[in-house]
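This is what each chain is made of:
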Number of protein chains: 2
Amino acid sequence: MPKKRTVIAVGVAALALLGAGTSTVAANGQLPLVNRTAKGKVDQLGGAARLRGDQSRLIKESIKRTHARNVILFIGDGMGDSEITVARNYLEGAGGAFKGIDALPLTGNLTHYSVQKDTGKPDYTPDSASTGTAWSTGVKTYDNAISVDRHGKAFPTLLEQAKRSGMATGDVTTSEIQDATPAVEVSHISQRSCYGPVATTKTCPEAAKENGGRGSISEQLLTTRPDVTLGGGSTTFAETATAGAWKGKTLEQQAKERGYNYLTAKQDLAKVTSADQKKPLLGLFAPGNLPVKFAPLLATTNGAALPAQSCQPEPTFSQVPDLKTMTSKSIDLLSKNKAGKKNGFFLQVESASIDKKDHAADACGQIGETQQLDEAVTKALDFARRDGHTLVIVTADHAHTSQIVDGTTPGLTVNLATKEGSNMIVSYGTAPAGGSQQHTGTQLRVAGYGPGAGNLVGLIDQTDLHFIIGNTVNRR
Amino acid sequence: MPKKRTVIAVGVAALALLGAGTSTVAANGQLPLVNRTAKGKVDQLGGAARLRGDQSRLIKESIKRTHARNVILFIGDGMGDSEITVARNYLEGAGGAFKGIDALPLTGNLTHYSVQKDTGKPDYTPDSASTGTAWSTGVKTYDNAISVDRHGKAFPTLLEQAKRSGMATGDVTTSEIQDATPAVEVSHISQRSCYGPVATTKTCPEAAKENGGRGSISEQLLTTRPDVTLGGGSTTFAETATAGAWKGKTLEQQAKERGYNYLTAKQDLAKVTSADQKKPLLGLFAPGNLPVKFAPLLATTNGAALPAQSCQPEPTFSQVPDLKTMTSKSIDLLSKNKAGKKNGFFLQVESASIDKKDHAADACGQIGETQQLDEAVTKALDFARRDGHTLVIVTADHAHTSQIVDGTTPGLTVNLATKEGSNMIVSYGTAPAGGSQQHTGTQLRVAGYGPGAGNLVGLIDQTDLHFIIGNTVNRR
């Protein structure tokens, strides 16, 4: 022990650091959020530390209520811990913290396997359909299945259960609204690709209207009738129903005849002042998926050796509402409509293209979508903190490919200049150039704020989310 | 909503699942551990869920004490969430749970970057020296540095601070005891490679004995003098001191002359009944790193296409004490010696070759080392639960390469037959065949049990561990 005097001095400093009180606990009875940015210069003693003091009281405060009135479930599609870290390093710095994603005080690990259709045995690299079905229904199923189990049996979704409880409901995404993650809340079908009547006739005959089925994902969405549905995917609504009351009419016509406030223009969203079962809001702001925040920056076979680059704005992004705007609008509409005022609301919000851009080895695309999620979570936490009875959960449906590495790999790499002026190399090593990078099977982060969030701590499974949220949405 | 009656029935079932009580909370005042195996058949409603009921009370119980008497810090070297999931899927099944690693009730995320020596800016893919220095001293440093900051200044380590507080101390690993992770607790040196006098003269002249320095890592270990030091690395102890009181003598001779109980044979460990400052235990059971549990199973360029394989025993493994035995023995010795009885103990335990076998794209090697860590954690939790005043922390120093994928990648893959009879493909995509797979920069899992473990929940940094543990080891 070479430096006795230093030891003693640092010992006291260490105690002081932990004894500094829990400034993050709100004095006014609101549940606490946490600020986890590094406290100082990250190369100095204690400078990189994030804790402001012993947080036992903070945790105790955070778990003091168990039954929420409202639930907002955020899904970063493909947002493994690696994707979170890539985005944090780039946008906030390694010692920085997201204002939304990192502010939730309670955290756990979440397993997310699916099961094989024929055997029921685990599949360790599930898709977004089976993983979404896991939390929406509590049943693990085969890849491509939307809220049906491996035998084809439909199970009620969280959104359906919330409606049954008299709650207001919403389903928001940056993808096509028929994509797997939003679809699992509003439909039950054997194949995720059955967006509209055309695909359903061909691929999901059991659900086709002409066969007496529930119809395509889009048609089932209209029947499930959330108060608020926002995303992309208007193309499918030009398709025509094959049977039933709206046979021969487009799904857009059907939506309007069924009372929906059907929007496709960004500027119309701001004008909406109410959404409910009488006049549900259906905003579809792009033919397919919504544009992402940053222009593509693709990893290449020699990307690690190139100069570090920065993400640039995607010009078309401003043509659509961003995720925080859609989230804020949804919370506003749902909390104020009659059902929401009386019975609370359930809202699912997805940032979809973390996954899609990870598939494409597009680091900036993926980072921008993670930022969108963070901004939307921040808005939800603002509401939840004021409200005091809202459970906010942030997690992912499955993990993905991107890894932070030190140099060239057998896969594709890209060199990014981060906020703090370091270089970060991101590798995509599960598909060759031009191929689709694969989902990965690592356990995921889950984080929560509000009544019931204590159940997210430790190791849980994706299906646990169904029962944790079910504690609220099944209360009647 | 096609099936109204089903909805209502499932609604009640969901409530019952969460309302089933918290059977994991011990009635006798012991802090609770959790059982997180899937509750039923994983392809059935609720079968894959892990929670046994609302766990608010469990969390509340878990945080009711903040000051530990003993601390046991477990490091899985290179054990990212992906490595944990690979091992769990293979050994326990996707719906299974580790008895040790997964039993800790409180969990968080941990950032683990290092800093560049010249600029102090973050390096997003740190090594085990800089990451170990982060928790041992609270200072982030450059890669290769052992408990000195980027300017070369030494900061006191947790083990040194614990000794200063009159506590018993131990340092256990499956690697050479001079390897970075064990070294950060007992030495301060500019380069991790300076195991003995020979390398130190050449590479770390500032520390060389002949230059008036502290000596090599091995010599500093002897001076720091933990009560218990167990691992591999006897080769270095055949080197000869270049200056000082033991000039011309081997480090083994020096150890013995300084009162150490110096062991190299497995069977001698069982006979040890005491270890303290008068006669510290130094067990070095292999010339270099200890053998691992499973024989190598290397990923190859077409491994995903081969039939699924199982891990086979490594014949040499039985020649050395396993990690759970070394851990149990250490806990027994430290809790019963005079310092431990009076002031408690600090013990660091590393499973080192998760990292080393991940570098080698050896899936079975990596899985066996994760299993060793789990078994050792289980032993520690047995003690901590009985003791009631022991903080147990399980985390990693950095993340690594292995990913669970669906098929062939541009890197190396291997197809494993898991416990439950599914196939799991593991990919190593950051180095070509024969190369060393890279560390990766994703945030890590941290988990804890016992007094103070509430501070591990949420996003923390690796340096926070220093101050959380420092709350115990700096109490005097």
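All figures in this text were calculated on a predicted structure; none of them were measured in a lab.

Colleague: Honestly, the overall build of chain A in this entry has me stumped. Any pointers?
Modeller: Scanning chain A from terminus to terminus reveals 15 helices and 15 strands. Expected size for 476 residues packed as a compact globule is a radius of gyration near 23 Å; at 23 Å, chain A falls within 12% of this value. Dimensions of chain A along its principal axes, counting C-alpha atoms only, are 85 × 55 × 50 Å. Here chain A holds 476 residues, and the buried ones make up 68% of them. Excluding contacts between residues fewer than 6 apart, the proportion of contacts in chain A whose partners are at least 24 apart in sequence is 72%. Accessible surface, chain A as shown: approximately 14,300 Å² in total, 52% of it carbon and sulfur. Seen as two clouds, the 51 positive and the 44 negative side-chain charges of chain A have centres 9 Å apart.

Colleague: Teacher, can you tell me more about the interface of chain A and chain B here?
Modeller: Interfaces are frequently sized by the accessible area removed from exposure as the parts join. Listed as interface residues are 113 residues of chain A and, on the opposing side, 113 residues of chain B. Both sides of the chain A and chain B interface together cover about 9,500 Å² of buried area, and 58% of this is carbon and sulfur. For chain A, the biggest contributors to the area lost against chain B are Tyr124, Leu459 and Phe467 of chain A; these three give 8% of the whole. Residue Arg150 of chain B pairs with Asp43 of chain A through a salt bridge whose shortest N-O separation is 2.6 Å. Counting across the interface, chain A meets chain B through 58 residue pairs in polar contact (both at pLDDT 80 or more). Considering every element that reaches the side of chain A that touches chain B, the biggest residue donor is helix α1 (residues 4–18) of chain A, with 10 residues. Of the residues assigned to the side of chain A that touches chain B, the class counts are 41 nonpolar, 50 polar and 22 charged.

Colleague: For this particular structure, what's the right way to read the pairing of strand β10 (residues 390–396) of chain B?
Modeller: Strand residues, when the strand is regular, have side chains that alternate between the two faces of the sheet. All names here are of chain B. Taking burial as the measure, the 7 residues of β10 include 7 buried ones, the bulk of the element. The two faces of β10 match: Thr390, Val392, Val394 and Ala396 on one face and Leu391, Ile393 and Thr395 on the other face are all buried. In this sheet, β10 lies alongside strand β1 (residues 70–76) in parallel orientation, the contact comprising 7 bridges. Its bridge partner being in β10, Ile72 is matched across the sheet by Val392. Alignment of β10 against strand β14 (residues 444–449), held across 3 bridges, turns out to be antiparallel. Pairing of Ile393 across the sheet is with Gly448, part of β14.

Colleague: Is there a simple way to think about the relation of the copies chain A and chain B in this case?
Modeller: Here two copies of a chain appear, and what relates them is a rotation about an axis with a shift along it. When chain A is fitted onto chain B, the two copies agree to an RMSD of 0.0 Å after a turn of 180 degrees and an axial shift of 0.0 Å. Seen this way, the second copy is the image of the first under a two-fold rotation axis. Within chain A, the C-alpha atom positioned nearest to the axis of rotation is that of Gly429 of chain A, 2.5 Å from it. Taken as a fraction of all interface residues of chain A, those also at the interface in chain B reach 100%, which identifies the copy contact as same-surface.

Colleague: Explanation requested: the sheet that holds strand β11 (residues 403–405) of chain B in the structure shown.
Modeller: Strand pairing in a sheet relies on backbone hydrogen bonds. The paired strands run either parallel or antiparallel. Residue and element names in this part refer to chain B. An order of β11-β13-β12 is seen for the 3 strands of this open sheet, with the pairing classed as antiparallel. Edge positions in the sheet fall to β11 and β12 (412–417), since each has one partner strand and no second. Here the strands of the sheet are splayed against their neighbours by 35 degrees on average, with no regard to which way each runs. Here 6 bridges tie β12 to strand β13 (residues 423–428), and the two strands are oriented antiparallel to one another. By the bridge assignment for β13, Leu416 is matched with Met424. Strands β11, β12 and β13 of the sheet are contacted by helix α3 (residues 81–91), whose axis makes an angle of about 55 degrees with β11.

Colleague: Would you explain the packing of aromatic side chains in this entry?
Modeller: Evaluated as defined, the whole model comprises 4 aromatic pairs over all chains. An angle of 50 degrees between the planes, with centres 5.8 Å apart, marks the rings of Phe345 of chain A and Phe383 of chain A as tilted. In this pair, Phe345 of chain A is assigned in strand β9 (residues 345–351) and Phe383 of chain A in helix α14 (residues 363–387), connecting sequence segments 38 residues apart. Each member of the pair, Phe345 of chain A as well as Phe383 of chain A, carries the same accessibility label: buried. The cationic tip of Arg225 of chain A hangs over the ring face of Tyr260 of chain A; the distance from NZ or CZ to the ring centre is 5.2 Å. Residue placement shows Lys140 of chain B over the ring face of Tyr113 of chain B; its charged tip is 3.8 Å from the ring centre.

Each value, and the rule that gives it
- Residues numbered from 1 in each chain as written.
- Chains lettered and ligands numbered in written order.
- Predicted model: local features only at pLDDT ≥ 70, side-chain atom pairs only at ≥ 80, totals over all residues.
- Heavy atoms only, no water.
- Helix = DSSP H or I, 4+ residues; strand = E, 2+ residues; numbered from the N terminus.
- Rg over C-alpha atoms; globule rule 2.2 N^0.38 Å.
- Buried < 20%, exposed > 50% of the residue type's maximum accessible area, 1.4 Å probe, protein only.
- Contact = heavy atoms within 4.5 Å.
- Areas by Shrake-Rupley, 256 points an atom, 1.4 Å probe, with all protein chains shown as cover.
- Lys, Arg positive; Asp, Glu negative; His and termini not counted.
- Charge placed at Lys NZ, Arg CZ, Asp CG, Glu CD.
- Buried area = accessible area lost by both parts, 1.4 Å probe.
- Salt bridge = Lys/Arg side-chain N within 4 Å of Asp/Glu carboxyl O.
- Polar contact = N/O pair within 3.5 Å; in protein donor to acceptor, adjacent residues only side chain to side chain.
- Nonpolar A, V, L, I, M, F, W, Y, C, P; charged D, E, K, R; others polar.
- Pairing = 2+ DSSP bridges.
- Least-squares fit on C-alpha atoms with pLDDT ≥ 70 in both.
- Axes fitted to C-alpha atoms, helices over the stretch in contact; angles between N-to-C directions.
- Phe/Tyr/Trp six-rings, centres within 6.5 Å; stacked < 30°, edge-to-face > 60°.
- Lys NZ or Arg CZ within 6 Å of the ring centre and 35° of its normal.

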